[in-house]
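# A structural walkthrough
Take a look at the letters that make up each chain.
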Amino acid sequence: MNIILLGPPGAGKGTQSAGLVERHGMRQLSTGDMLRAAVKAGTPVGLKAKEVMDRGELVSDEIVSDLIDAELAAMGQETGVIFDGYPRTAAQAEMLDAILARNGRVLDHVIELEVDEDALVERITGRFSCANCGALYHDTANPPATPGVCDSCGGTEFKRRPDDNEKTVRTRMQEYRAKTAPILPIYEARGIVSRIDGMAPIDTVAEQIDAILRG
Ligand code: ADP
Ligand code: ADP
Ligand code: ZN
């Protein structure tokens, strides 16, 4: 099973991907996470991407597609994959087709998380994650059960992304509207798009994704 989770920043792609990994043993391929790792490690890709990401603009299609290609090539074909935050442009969608074909994979579902844009700023500015295991939280909507302690690993250090501020979020939303939303018709023409109300509680969204995967 290979699926794309599509939705604007803050729609819940990362949160739902983590659930799918846990429930179904799928692999999450997040270009955002890969780019942040490259920035942290100071690789050539990271050095190139950092300022673009800080502005909330899109990194080049070649860079992100190469990251995805390398991950898939290193993986067995039995493991299902969730593409989280990729593809984000028509060019990336085309590159993904070639990458999948090369790796003997077929795209089963494109799941769009529909969200109310006004709620996204609130979601993004309240987002934080465990510094140890990466578990995602939100100040009000999804805090750890014990304040200051990660539910998943017991860690007590948390971090916030430098691009999770209101100004950058607006740019990221514009990028989504201008470049990412227009790729949906490509997949609609193939009859593989499903839409989910991303404003529903996290568990409800997860149940609806599972219903789509069951077919
Ligand atoms: P969010 O989950 O909030 O949408 P991501 O973690 O997916 O954010 O992405 C963070 C930043 O990384 C983006 O604003 C962009 O600069 C860069 N990025 C991530 N994925 C891609 C991609 N597929 N194409 C271009 N840039 C990307
Ligand atoms: P994305 O990967 O699409 O940018 P995230 O999964 O990181 O989005 O979610 C953004 C923020 O919103 C996080 O703080 C997360 O805890 C919270 N969140 C995710 N899904 C929901 C939901 N269904 N309801 C309320 N808050 C949510
Ligand atoms: Zn943790």
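Look up: the structure comes first, before these words.
The notes below deal with the structure included here. (Residues numbered from 1 in each chain as written. Chains lettered and ligands numbered in written order. Predicted model: local features only at pLDDT ≥ 70, side-chain atom pairs only at ≥ 80, totals over all residues. Heavy atoms only, no water.)

## A short note on the site of ligand 2
Around ligand 2, 19 residues are found, and the nearest of them are Lys13, Thr15, Arg127, Tyr137 and Ala200. One of the backbone N or O atoms of Ala11 is found 3.2 Å from an oxygen atom in ligand 2. Within the backbone of Ala200, an N or O atom sits 2.8 Å from a nitrogen atom of ligand 2. Protein contact buries 92% of the 560 Å² of open area that ligand 2 shows by itself. Elements that contribute at least two residues to the shell around ligand 2 include exactly α1 (13-24) and β6 (136-138). By residue class, the composition of the shell around ligand 2 is nine nonpolar, seven polar and three charged. (Near = heavy atom within 4 Å. Polar contact = N/O pair within 3.5 Å; in protein donor to acceptor, adjacent residues only side chain to side chain. Areas by Shrake-Rupley, 256 points an atom, 1.4 Å probe, with all protein chains shown as cover. Helix = DSSP H or I, 4+ residues; strand = E, 2+ residues; numbered from the N terminus. Nonpolar A, V, L, I, M, F, W, Y, C, P; charged D, E, K, R; others polar.)

## Some details on the packing of α1 against helix α9 (residues 202-214)
Put simply, α1 and α9 touch, their axes get as near as 10 Å, and they point 60 degrees apart. With respect to α9, the axis of α1 lies oblique. At the point where α1 passes α9, the crossing takes the right-handed sense. Residues Thr15, Gln16, Leu20, Arg23 and His24 of α1 pack against Ile202, Val205, Ala206, Ile209, Asp210 and Leu213 of α9. Of the residues belonging to the contact of α1 with α9, the class tally is six nonpolar, three polar and two charged. (Axes fitted to C-alpha atoms, helices over the stretch in contact; angles between N-to-C directions. Parallel < 35°, antiparallel > 145°, perpendicular 65-115°, else oblique. Left-handed = near helix turned anticlockwise from the far one by under 90°. Contact = heavy atoms within 4.5 Å.)

## Description of the packing of aromatic side chains
Counting across every chain of the model gives four aromatic pairs. Both rings, one in Phe83 and one in Tyr86, keep their centres 6.5 Å apart while their planes meet at 45 degrees; by these two values the pair is tilted. Assigned by exposure class, Phe83 and Tyr86 land together as buried. Measuring from ring centre to ring centre gives 5.7 Å for Phe128 and Tyr137, while their planes differ by 25 degrees; the resulting arrangement is stacked. As far as burial versus exposure is concerned, Phe128 and Tyr137 are alike and both buried. Three or more aromatic residues joined by ring pairs form one cluster here, namely Phe128, Tyr137 and Phe158. (Phe/Tyr/Trp six-rings, centres within 6.5 Å; stacked < 30°, edge-to-face > 60°. Buried < 20%, exposed > 50% of the residue type's maximum accessible area, 1.4 Å probe, protein only.)

## With respect to the environment of Leu29
Relative to the helices and strands, Leu29 is located in strand β2 (residues 27-30). For Leu29, a relative accessible area of 1% puts it in the buried group. The residues touching Leu29, leaving out its near neighbours within four places in the chain, are Met34, Ile68, Glu71, Leu72, Val81, Ile82, Phe83 and Asp84.

## Some points on the coordination of the zinc ion (ligand 3)
The protein atoms donating to the zinc ion (ligand 3) are Cys130 (SG), Cys133 (SG), Cys150 (SG) and Cys153 (SG), with metal-donor distances spanning 2.3 to 2.4 Å. A relative accessible area of 39% means that Cys133 is categorised as partly exposed. Overall, Cys153 belongs to the partly exposed group, its relative accessible area being 33%. (Donors = N, O, S within 2.8 Å, 3.2 Å for Na, K, Ca; no water.)

## Quick word on the packing of helix α6 (residues 117-125) against helix α7 (residues 166-180)
Two elements in contact, α6 and α7, have axes separated by 10 Å at closest approach and are oriented at 130 degrees. As judged from the angle between their axes, α6 and α7 are oblique. Along this stretch, α6 crosses α7, giving a crossing that reads as right-handed. From α6, Glu117, Leu120, Val121, Ile124 and Thr125 reach across to α7, where they touch Glu166, Val169, Arg170, Arg172, Met173 and Arg177.

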